Amino acid sequence: MEILEISSKFTSTIATIFAALIAAYIANKYQKNNLDLSREKMEKDLFTEFNKRYDELNDSLTLLSNIGSTEELKATESLIENKSMYNVLIDYFNLCAEQFYWKEKERISKEVWKSWNKGMKFYYDGYTVVRELWEEETKDEKYESYYLKQGRDFFKEN
């Protein structure tokens, strides 16, 4: 009778452990799914916000082809009321910095970042005035205001 009692307790213990493992697996799966949904929602929200902000700057950024110096940037009105092209370009740098920040935090997918970074390089590579202002904005330790560490530059890396 003792063997039967020990066997019954053993079976009961195994069943309890098995049930606990199944419950832990289900809870873990549920938590992972919720985390994935949360990350996807955050990426969508960031994507929507950043694209909206870019759209507000986009028409004015087309004016860069007519501007050859930082002085001209400051003197040229953008298509946004009461905003010079200089301020539009600073806003664009800030937008790029925020996109880079969230990419580094892995809240932006590699595919989205690749697309955005290609657009960033279009302006940086295509317009001397963008490069000149960016160099001025990031010299000394001012690069830190764009969430950059020394030697990093979102216009020059993927």
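See above for the structure.
These remarks concern the structure in this document. The model shown is predicted, which means the values in this text are computed figures rather than measured ones. (Residues numbered from 1 in each chain as written. Predicted model: local features only at pLDDT ≥ 70, side-chain atom pairs only at ≥ 80, totals over all residues. Heavy atoms only, no water.)

**Quick notes on the packing of helix α3 (residues 85-104) against helix α5 (residues 128-138)**
Part 1 of the argument: At their nearest, the axes of α3 and α5 sit 11 Å apart, and the two run at 70° to each other. In terms of orientation, α3 and α5 fall into the roughly perpendicular class. Relative to α5, α3 is oriented so that their crossing is right-handed. Of α5, the residues touching α3 (which contributes Y86, L89, I90 and F93) are V129, V130, L133, W134 and E137.
Part 2 of the argument: Counted by class, the contact of α3 with α5 contains eight nonpolar, no polar and one charged residues. (Axes fitted to C-alpha atoms, helices over the stretch in contact; angles between N-to-C directions. Helix = DSSP H or I, 4+ residues; strand = E, 2+ residues; numbered from the N terminus. Parallel < 35°, antiparallel > 145°, perpendicular 65-115°, else oblique. Left-handed = near helix turned anticlockwise from the far one by under 90°. Contact = heavy atoms within 4.5 Å. Nonpolar A, V, L, I, M, F, W, Y, C, P; charged D, E, K, R; others polar.)

**Details of the packing of helix α4 (residues 110-126) against α5**
Part 1 of the argument: The interhelical angle for the contact between α4 and α5, taken along N-to-C directions, is 95°, at an axis separation of 5 Å. Judged by the angle between their axes, α4 and α5 are roughly perpendicular. On α5, the residues that touch Y123, Y124, D125 and G126 of α4 are T128, V130, R131, W134 and E135.

**Points about the environment of L57**
Part 1 of the argument: Among the secondary structure elements, L57 is positioned in helix α1 (residues 2-61).
Part 2 of the argument: Each C-alpha atom, one on L57 and one on L89, is 8.4 Å from the other, the two residues being 32 residues apart in sequence.

**Section: the nonpolar core**
Part 1 of the argument: Counting residues in each nonpolar core, the largest one holds 34 residues, and the members touching the most others are L64, L89, Y92, F93, F154 and F155.
Part 2 of the argument: Of all the elements in the fold, those that place two or more residues in this core are α1, α3, α4 and α5.
Part 3 of the argument: Broken down by element, the residue count for this core peaks at ten residues, all from α3.
Part 4 of the argument: Other than its neighbours up to four places away in sequence, L89 contacts L61, L64, L73, V129, V130 and L133. (Core = buried A, V, L, I, M, F, W, Y, C linked by side-chain atoms within 4.5 Å. Buried < 20%, exposed > 50% of the residue type's maximum accessible area, 1.4 Å probe, protein only.)

**Some words on a nonpolar patch on the surface**
Part 1 of the argument: Residues F18, I22, Y25 and I26 make up a contiguous nonpolar surface patch of roughly 450 Å² in combined accessible area.
Part 2 of the argument: Positionally, I26 belongs in helix α1. (Patch = residues over 30% accessible without salt bridge, like charges linked within 9 Å, V, L, I, M, F, W, Y side chains within 5 Å. Areas by Shrake-Rupley, 256 points an atom, 1.4 Å probe, with all protein chains shown as cover. Salt bridge = Lys/Arg side-chain N within 4 Å of Asp/Glu carboxyl O.)

**Brief notes about α5**
Part 1 of the argument: Residues V129, V130, L133, W134, E137 and T138 constitute the buried set of α5. Viewed end-on, α5 has its buried residues packed into an arc of 150°, placing them on one side of the element.
Part 2 of the argument: Looking one or two places after α5, you find D140, whose phi comes out positive at around 55°. (Arc of directions from axis to C-beta.)

**Some points on the pattern of salt bridges**
Part 1 of the argument: Considering all chains together, one arrives at twelve salt bridges under this definition.
Part 2 of the argument: Between E56 and K52 there is a salt bridge whose closest N-O contact spans 3.9 Å. Taken together, the positions of E56 and K52, both in helix α1 and four residues apart, correspond to about one turn of that helix.
Part 3 of the argument: Since its relative accessible area comes to 47%, E56 is described here as partly exposed.
Part 4 of the argument: The partner of K103 in a salt bridge is E104, and the shortest N-O contact between them spans 2.9 Å.
Part 5 of the argument: On the basis of relative accessibility, which here comes to 36%, the residue E104 falls in the partly exposed class.
Part 6 of the argument: Counted as one network, the salt bridges with shared partners bring together E49, R53 and E98.

Keep in mind that these numbers describe shape and distance, not what the molecule does.
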